[in-house]
Amino acid sequence: MKAHLLHPDQDFDFSADLPAGHEDLVQDLELGTVLQAMAAGDKFLLGVSTKVLLASLNDPGTIGYRQRVLADCIAQPDIVRQIYGVAVAAMQDRRGLWGYSSQYPSSILSAAVTQLEALVARLRELRGLADEHAGTFQSDGLTTLLRSLQRDLDDDYFETLRRHLRQLRFRGGVPMSARLDRDNSGIGYVLRASGARRTWKERIGIAPRTVYSFSIPPRDEAGAQALSNMTSRAINLVANAAAQSADHVISYFSMLRAELGFYVSCLNLHDRLTAAGHPVAFPGSSAAEPWELRCEDLRDASLALRTGRVVGNDVDADGKSLVIITGANSGGKSTFLRSVGQAQLMMQCGMFVTARSLRSSVCRQVFTHFIREEDPAMVSGRLDEELTRMSVIADRIGPRCLILFNESFAATNEREGSEIGRQVVRALLEAGIRVFFVTHQFDFADSFHRQRAQETLFLRAPRQPDGQRTYRLTVAEPLPTSYGEDIYHRIGGWLAESA
Amino acid sequence: MAIPQTASSRVIPAFASLLSPGPAGLATTGEPEKPAYASDLNLDQIVEAVAADREQHDLIAGLLYHRVQDRDVISFRHEVFRDLEDPGLLEAAGRFCEQMRQVRVRLSQLPKMESDRHREGWFLDAAAIYCDAVRTLSAGITAHPVASRGLLAFRAYLDGYLASAGFAQLAADTASRKDDLARITYKVRIDGPHVEVSRHDGEPDYSAEIENTFSRFRQGEVKDYRVHYRTEPGMSHVGARILDLVARLFADEFSALADYCRRHADFADPAISQFDRELQFYLAYLAYITPLRKAGLGFCYPEITGDSKEIFARHTFDLALAAKLTGEGSTVVTNEFHLDNPERVIVVSGPNQGGKTTFARAFGQLHHLAAAGCPVPGSAARLFLCDRIFTHFEREEDLADLTGKLEDDLIRIRGALLAATASSVVIMNEIFTSTTVSDARFLGGKVLAKVTELDLLCVYVTFVDELATFGPSVVSMASTVVPGNPAERTFKVVRKPADGLAYALALADKHRVSYEQLRGRLLP
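All of these numbers come straight from a predicted model, not from anything done at the bench.

1. A look at the overall build of chain A
Within chain A, the regular secondary structure consists of 17 helices and 13 strands. When the 499 residues of chain A are sorted by exposure, 48% land in the buried category. Put simply, 73% of the contacts in chain A that link residues at least 6 apart link residues at least 24 apart.

What follows is the structure, given as structure tokens:
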């Protein structure tokens, strides 16, 4: 039995490591906010969404497969959440019953039996949902899933399970000796042949009592657990077999919960974005060269989730392998850069994007190179750290990749920073890599304007005449100014003379 | 504190605190207050590494984050540190703290225990460890010389305490109760919900019989499924009921135990417990710097000035970085600085990755750690007891705040400069990098003008060479490279004029990301 909701013919590999360099992507694109919204407070969903979002698909076919499943989910969110709920409940049963007691052989046995009983009940629920909603869905992924539940979990199978579970209960009393530990609790349990025997003198009450007894009430589960822990030392070899059967069923629920969990996460995000009035759309993905990217009202999802004031951008970068964004500080440059990276990743995991419409070429991998705080591990100075990161990227990047630079190579003076940037970008473009570059270094931006205007799109974060910034980018060539002096005076300075 | 009752008792000298001469020594409990500059200076790394997962984490962190404004308190702590540099005394102190920790762990668990017999056993165990801890500490502290005000006062107190009749009684009672309990063996039979408890009458080990019975099936070695049980504090109510029945079977032993617990309810002496807590501040810091000393790095007790700003440090270093490098077996480069009137500001320029940031951090750490009463990195130092420390280091762009980065920088710098007094220290590292050179020059000049006007002690790291010749209050220092190999750094920051070379392209070359190299790497 398989879930197969993320690929038509295989499981999603949740055990695979996240792609190399994912920390940079998450941090630079502020994917944390998006992933938190997908998780909606659920740590498990956070883990699932992170893995699926970062493991980009490269073929438009599978992207479409997921988009159709997701479209089904958006159309019938309640049913999908119900099925997911069964898988979650099954895994929660597992946490409650499994795990901590597994150090005790007697508990392994009784927990394994109890676990199997609970799992079988969940399997029945799943079958019930499949019977009820088999005809509801259109996507290949969901229709196949429900059909296989009906076929593989038939009534005969449930009867077989019930019979086995009854036989797996352990019975018997166990006598043992013990000593007192440092805290007076029992220690040094040794199995003995029989219980206490009272002498006839004791029985008729003329010798001191040497035997005491009590019984725990039938509903005292903690007490039963304690007794089970004590007896386990005597039955250390008895209990192993039932556990493995339980594990097989659990692994099915685990995969179902994880794969379906991704779509539930998408629903969570969808709810958040649409409730706040942000546009969402399934993007068109294309594999063909030349580079495509055309969007309307593309928004930074992380910003959209955090604040109401979000301005989207309409951009047509079809055929452009280099996009340079310049202009005012606080002008929305980083925001735009992030929105491009986010949309690319969201598209390539089969999700919708935060835009009214978007069409983009599938890329092999997305890279980011953003200005960073001083390396907290203190290995190096800032420029050195940036160049180290660039060199690591160079080891992994190749044709058909996308890289986003944000104020890179600015940790030195403008002349040298521009020169490093020029050399790096030139080499990347010649290797067939698409480059987005936010910079305030006029020298850098201007040289591409002079030399590669045809393949380059220049966007600028404008400043209004009254000094206010808008956050919508316009197509415009770079300008040789910055605004430090303005800001100094606007915030009131700190020297009496400059007031 | 409990007063010993018997006639032979003598007056035990008072003990106030190991942290300061006054009785108000114990600075803090609760959440440590972290200064705003802690992360810029990597002070948080130092503090977290020192306090680590120690039980007194918050006390240690609180003391390390707190700058004392009283020079006598700083001397008081220096004295204790000096005493503890004796390895024998240090070891004795460490052992004592570990034992006291075990005592506290036990005592803290008592209220949660529902069974009286269980609680009594655990209480007895705590007392047994306590007796051993106090005696062992006394032996250790007597065998080694002490000279600090703090430890002399405590030694006098401890001598008196150990000689008291109260302690002698505690030790004797504890030993008898332990012997009693160790002799008990009993039997339990569990059959479903039914439990039977009796005296053990010496029947043979039944497991051995079972093993014997089934041994004929044995084919060869199989996987070992035996579970290893850990002893954990805590007892189920069933365990407690069994224990109650055991107590009825062994009534004499358990009534003696109950009596013991009543008579020695408050065995832990408050002054000794306090000493133990405060001692951990010293032990934690010394444990942190010991590997660095072994690697050849010096720590000194700095002279603290309250008025003169003619400060210096020799062979000093960034403590957080040094701890990391030493851990990896790498060498640490040390630096010197000195300021003579009217010098107040060190402008640090020069090649990147040359140790400029490290130098700035070291300067800030020195002033902070000195004011916490700790030995500081360096072979010798004179440092200014400042009222506040301000730092401004390049930050990551934070989108949660829609204000742009430059504006954000300027607002923060403005806040610091307006809050600073003539007794403050300011450290600025590579600010204004996200703007143009002319902006950085203009704004840097404004900053230095204000710093000079306020007479602040300041380190200013910049790539704008012009700022190094700002005026007579400014000293120029620069990171340096190996002559003949511009890509290799010495990590030495020395007094010299800014020379205008940034070496950025040599650095790109070193990382193989120049155009030619990158082209070769991307198009194989």
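Anyway, onward from the coordinates.
2. So, helix 13 (residues 333-348) of chain A
All names here are of chain A. Its 16 residues give helix 13 an end-to-end C-alpha distance of 23 Å, which sits within 8% of 22 Å, the value for a rise of 1.5 Å per residue. In terms of burial, helix 13 is largely enclosed, as 16 of its 16 residues are buried. Positive backbone phi, approximately 95°, marks G350, located one or two places after helix 13.

3. A few points about the environment of R155 of chain B
Residue and element names in this part refer to chain B. Relative to the helices and strands, R155 resides in helix 6 (residues 149-163). Exposure remark for R155: the 17 C-beta atoms within 10 Å place this residue in the partly exposed category. Taking the C-alpha atoms as reference, R155 lies 7.2 Å from I141; in sequence the two are 14 residues apart. Excluding its chain neighbours within four sequence positions, the residues that come into contact with R155 are I141 and V146.

4. Let's talk about the sheet that holds strand 12 (residues 456-461) of chain A
Strand pairing in a sheet relies on backbone hydrogen bonds, with the paired strands running either antiparallel or parallel. With mixed pairing, the six strands of this open sheet are ordered in space as 9-10-11-7-12-13 (chain A). Each of the sheet's edge strands pairs with one partner strand only, and the pair in question is strand 9 (366-370) and strand 13 (474-475) of chain A.

5. Observations regarding the sheet that holds strand 9 (residues 380-384) of chain B
Residues and elements named next belong to chain B. Taking strand neighbours across the sheet as the criterion, the four strands line up as 4-9-5-6 in an open arrangement whose pairing is mixed. Single-partner strands in this sheet number two, and they are strand 4 (303-305) and strand 6 (335-338). Geometrically, the sheet is characterised by an average inter-axis angle of 20° between neighbouring strands, direction not taken into account. In the sheet, strand 5 (residues 312-316) pairs with strand 9 via three bridges, with the strands oriented antiparallel. If you follow A313 over to strand 9, its bridge partner there is A381. Here helix 13 (residues 356-371) sits on the sheet and contacts strand 4, strand 5, strand 6 and strand 9; the angle it forms with strand 9, its principal contact strand, is near 75°.

6. Overview of unusual backbone geometry
Here N341 of chain B and P342 of chain B are connected by a cis peptide whose omega angle stands at 0°. Here P342 of chain B shows up in the loop between strand 6 and strand 7 (345-349). Of note, D297 of chain A is a non-glycine position whose phi angle comes to about 55°, a positive value. One can find D297 of chain A in strand 5 (residues 293-298). Despite not being glycine, N42 of chain B shows a phi value in the positive range, around 60°. Here N42 of chain B shows up in the segment before helix 1 (43-51). Its 26 C-beta neighbours within 10 Å are what place N42 of chain B among the buried residues.

7. Quick notes on the pairing of strand 5 of chain A
Residues and elements named next belong to chain A. Pairing between strand 5 and strand 8 (residues 357-361): four bridges, direction antiparallel. When the sheet's bridge partners are listed, R294 is paired in strand 8 with R359. Looking at chain direction, strand 5 and strand 6 (residues 313-316) are connected through three bridges and run antiparallel. Bridge pairing in strand 6 links C295 to V315.

8. Focus on the confidence of the model for chain B
Residues and elements named next belong to chain B. Across chain B, the average pLDDT comes to 85, with 85% of residues at 70 or higher. When mean pLDDT is compared element by element in chain B, strand 8 (residues 376-377) scores highest at 98, while helix 8 (residues 206-214) scores lowest at 42. Note on residues 209-226: pLDDT under 50 across the span, and six contacts to partners over four residues away in sequence or across chains. Confidence drops under a pLDDT of 50 for residues 397-403, and excluding neighbours within four residues, the segment shows eleven contacts in the predicted structure. In the model output, the complex is listed with pTM 0.59 alongside ipTM 0.73.

9. Some words on the nonpolar core
Of all hydrophobic cores here, the largest spans 154 residues; its most connected members are V348, V426 and Y460 of chain B. Here this core gets twelve residues from one element, more than from any other, and that element is helix 5 (residues 116-143) of chain B. What V348 of chain B contacts, discounting residues up to four positions off in sequence, is K356, F359, A360, V459, Y460, V461, M477, A478 and V493 of chain B. Counting residues in each nonpolar core, the second largest holds 121 residues, with L256, F405, L428 and V438 of chain A among its members.

10. Concerning the packing of helix 4 (residues 87-109) of chain B against helix 11 (residues 270-294) of chain B
Residues and elements named next belong to chain B. For the pair helix 4 and helix 11, the least separation of the axes is 10 Å and the interaxial angle reads 125°. The angle between helix 4 and helix 11 places the two elements in the oblique class. For the crossing formed where helix 4 meets helix 11, the hand is left-handed. Judged by residue contacts, L90, A93, G94, F96, C97 and M100 of helix 4 engage D276, L279, Q280, L283 and L286 from helix 11. The residue inventory of the contact of helix 4 with helix 11, partitioned by class, reads eight nonpolar, two polar and one charged.

11. Description of the packing of helix 4 (residues 60-75) of chain A against helix 7 (residues 140-152) of chain A
Residues and elements named next belong to chain A. Two elements in contact, helix 4 and helix 7, have axes whose closest approach is 7 Å; the angle formed by their N-to-C orientations is 70°. Between helix 4 and helix 7, the angle is such that the two are roughly perpendicular. When helix 4 is examined against helix 7, the residues Y65, V69 and D72 are found in contact with a partner set consisting of D140, G141 and L142. Residues that form the contact of helix 4 with helix 7 fall into these classes: three nonpolar, one polar and two charged.

12. What about the pairing of strand 2 (residues 194-199) of chain B?
In terms of strand pairing, strand 3 (residues 211-215) of chain A meets strand 2 of chain B through five bridges, oriented antiparallel. Pairing of F214 of chain A across the sheet is with V195 of chain B, part of strand 2 of chain B. The pairing of strand 1 (residues 185-191) of chain B with strand 2 of chain B spans six bridges and is antiparallel. In the sheet register, D191 of chain B faces strand 2 of chain B, and the bridge partner there is H194 of chain B. Hairpin connection between strand 1 of chain B and strand 2 of chain B: a loop of two residues separates the two successive antiparallel strands, and G192 of chain B in this loop has a positive phi of roughly 60°.

What counts, and where the lines are drawn
- Residues numbered from 1 in each chain as written.
- Chains lettered and ligands numbered in written order.
- Predicted model: local features only at pLDDT ≥ 70, side-chain atom pairs only at ≥ 80, totals over all residues.
- Helix = DSSP H or I, 4+ residues; strand = E, 2+ residues; numbered from the N terminus.
- Buried ≥ 20, exposed ≤ 12 C-beta atoms within 10 Å, placed from the backbone.
- Contact = placed C-beta atoms within 7 Å.
- Expected span 1.5 Å × (residues − 1).
- Pairing = 2+ DSSP bridges.
- Axes fitted to C-alpha atoms, helices over the stretch in contact; angles between N-to-C directions.
- pLDDT = per-residue confidence, 0-100.
- Core = buried A, V, L, I, M, F, W, Y, C linked by C-beta atoms within 7 Å.
- Parallel < 35°, antiparallel > 145°, perpendicular 65-115°, else oblique.
- Left-handed = near helix turned anticlockwise from the far one by under 90°.
- Nonpolar A, V, L, I, M, F, W, Y, C, P; charged D, E, K, R; others polar.

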